[in-house]
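Spelled out, the chains give:
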Amino acid sequence: MTHSFSPRLPRPRGIHIALLAALAALAAAGGNAQAASLSIATYNIHHAAGSDNVVDLDRIAGVMSGLDAQIIGLQENDMANGRTGFVHQPNELAAMMSARTGSVWQALSAPAINYQGGQYGNAILFDTGALSLQSFKVLGLPDPAGDGARSAGLAVFELAGTRFQFATTHLTHRNQASQTVPGSTVQIDSMNLIDAAIDRTLLAVVNGDFNAGPASASMAHWQSLGWRIDSPTDVPTLEGGTQAIDFNTSLGADAWQVTGNRVVTGGLAAVASDHFPVVTTYNIPAVPEPGTYALMLCGAGVLAAVARRRPGR
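Here goes a summary of the coordinates provided. Just so it is clear, the model here is predicted, and its values are computed rather than measured.

With 12 residues, helix H4 (residues 186–197) ought to run about 16 Å at 1.5 Å a step, and its terminal C-alpha atoms sit 17 Å apart, in line with that. Within H4, 9 of the 12 residues are buried, which leaves the element mostly enclosed by the surrounding structure. What H4 keeps buried is the set Val186, Gln187, Ile188, Asp189, Ser190, Met191, Ile194, Asp195 and Ala197. At its buried positions, H4 is contacted by strand E5 (132–141), strand E6 (150–159), strand E7 (162–170), strand E8 (203–209) and helix H5 (217–224).

Here it is, written out as structure tokens:
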């Protein structure tokens, strides 16, 4: 009787272990290299007129430089109009922040109305050393009777390999019935317009002066659209106020852990404006570089090839 015999080759355990270790190291290195922290603030500066009725842009810059934020959404900015001596406040604040922090700051203006020979509205200030601007546009919002049109500035930034959208706005305090949507209000109409302008393939943060408390119908509607309130809801953000009306909110940011938030009420912030700045800090998870993904896929392919060539038991 003839017996066939196939010798069993040793399993290539060393190759497996080495490749797995290399893949793990690549993943760890790629992730750690891309981990980041991001602080975002909202601040209604009241055209730099403080609680003492003194217009002092330097006080506003002093407050902002102490926030340790990389993006600041500003509301109630004068933009080269007669009320404040034709100073373009967002541009001037960007220059002041650059001088105070040693990093280059840029202003993105989102005017809402023409006013006294210039404009008035919102702005985004950001640290160009931390963030790369991808795009920016201004969204016009409804014009309630007796108040004037509102606006939102929408930007797309990139930070440590992560692209995200950021917007700042200032909703009307005259929350009248909607002139276009039965049963709605001007605030809710404005929220719907902002939400519709958001690219939902990107994580998004919207902040600003919502002129609505956390338990209001407007903020309930905002949350029903999927937006999460990330900033404090139990601290008044308006001088002499009884509730928070300035918020940092996010959409699709479940992976962004909120590691800190605060309403800044002391020091210069107590007198520089009639609102207090609100700061939220996020921990942004690691995003491996494209090259890391390629190496990991290549390594996985090698492991699969070795497995296919291994003799059966």
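That was the structure; now back to the text.
Take the nonpolar core next. A general trend in soluble globular proteins is that nonpolar side chains are found buried together. If you look at the biggest cluster of nonpolar residues, it comprises 25 residues, and the most contacted ones within it are Tyr43, Met64, Ile72, Leu74, Leu93 and Leu125. Going through the elements one at a time, strand E1 (36–44), helix H2 (57–65), strand E2 (71–79), helix H3 (89–101), strand E3 (105–115) and strand E4 (118–127) are the ones with two or more residues in this core. Among the elements that take part in this core, H2 stands out by supplying 5 residues, more than any other. Those residues in contact with Tyr43 that lie beyond four places of it in its chain are Ile60, Val63, Met64, Ile72, Gly73, Leu74, Gln75, Ala272, Ser273, His275, Phe276 and Pro277. Of all hydrophobic cores here, the second largest spans 21 residues; its members include Leu141, Ile198, Val206 and Phe247.

A separate point is the packing of H2 against H3. Remark: H2 packs on H3, axes separated minimally by 9 Å, with the N-to-C direction vectors making an angle of 55°. By the angle between their directions, the pair H2 and H3 is classed as oblique. The chirality of how H2 crosses H3 is right-handed. Residues Leu57, Asp58, Ile60, Ala61, Gly62, Met64 and Ser65 of H2 form the contact with H3, whose own contacting residues are Gln89, Glu92, Leu93, Met96, Met97, Arg100 and Thr101. Of the residues assigned to the contact of H2 with H3, the class counts are 7 nonpolar, 4 polar and 3 charged.

What follows deals with the pattern of salt bridges. Here the structure, examined in full by the defined rule, presents 8 salt bridges. Taking the shortest distance from any N to any O, the salt bridge between Asp230 and Arg228 comes out at 2.5 Å. Residue classification places Arg228 among the partly exposed residues on the basis of a relative accessible area of 28%.

Take the side chain of Glu76 next. Tracing the backbone shows Glu76 in strand E2. Buried and unpaired, Glu76 has Arg150 as its nearest opposite-charge partner, separated by 5.9 Å. At a separation of 3.1 Å, a polar atom in the side chain of Glu76 contacts the side chain of Asn44.

All right, on to unusual backbone geometry then. The phi dihedral of Gln116 falls on the positive side, at around 45°, and the residue is not glycine. Here Gln116 shows up in the loop between E3 and E4. With relative accessibility at 42%, the residue Gln116 sits in the partly exposed group. We note that Asn211 has phi near 50°; this positive angle belongs to a residue other than glycine. Tracing the chain through its elements places Asn211 in the loop between E8 and H5.

Reading guide: rules and limits
- Residues numbered from 1 in each chain as written.
- Predicted model: local features only at pLDDT ≥ 70, side-chain atom pairs only at ≥ 80, totals over all residues.
- Heavy atoms only, no water.
- Helix = DSSP H or I, 4+ residues; strand = E, 2+ residues; numbered from the N terminus.
- Expected span 1.5 Å × (residues − 1).
- Buried < 20%, exposed > 50% of the residue type's maximum accessible area, 1.4 Å probe, protein only.
- Contact = heavy atoms within 4.5 Å.
- Core = buried A, V, L, I, M, F, W, Y, C linked by side-chain atoms within 4.5 Å.
- Axes fitted to C-alpha atoms, helices over the stretch in contact; angles between N-to-C directions.
- Parallel < 35°, antiparallel > 145°, perpendicular 65-115°, else oblique.
- Left-handed = near helix turned anticlockwise from the far one by under 90°.
- Nonpolar A, V, L, I, M, F, W, Y, C, P; charged D, E, K, R; others polar.
- Salt bridge = Lys/Arg side-chain N within 4 Å of Asp/Glu carboxyl O.
- Lys, Arg positive; Asp, Glu negative; His and termini not counted.
- Polar contact = N/O pair within 3.5 Å; in protein donor to acceptor, adjacent residues only side chain to side chain.

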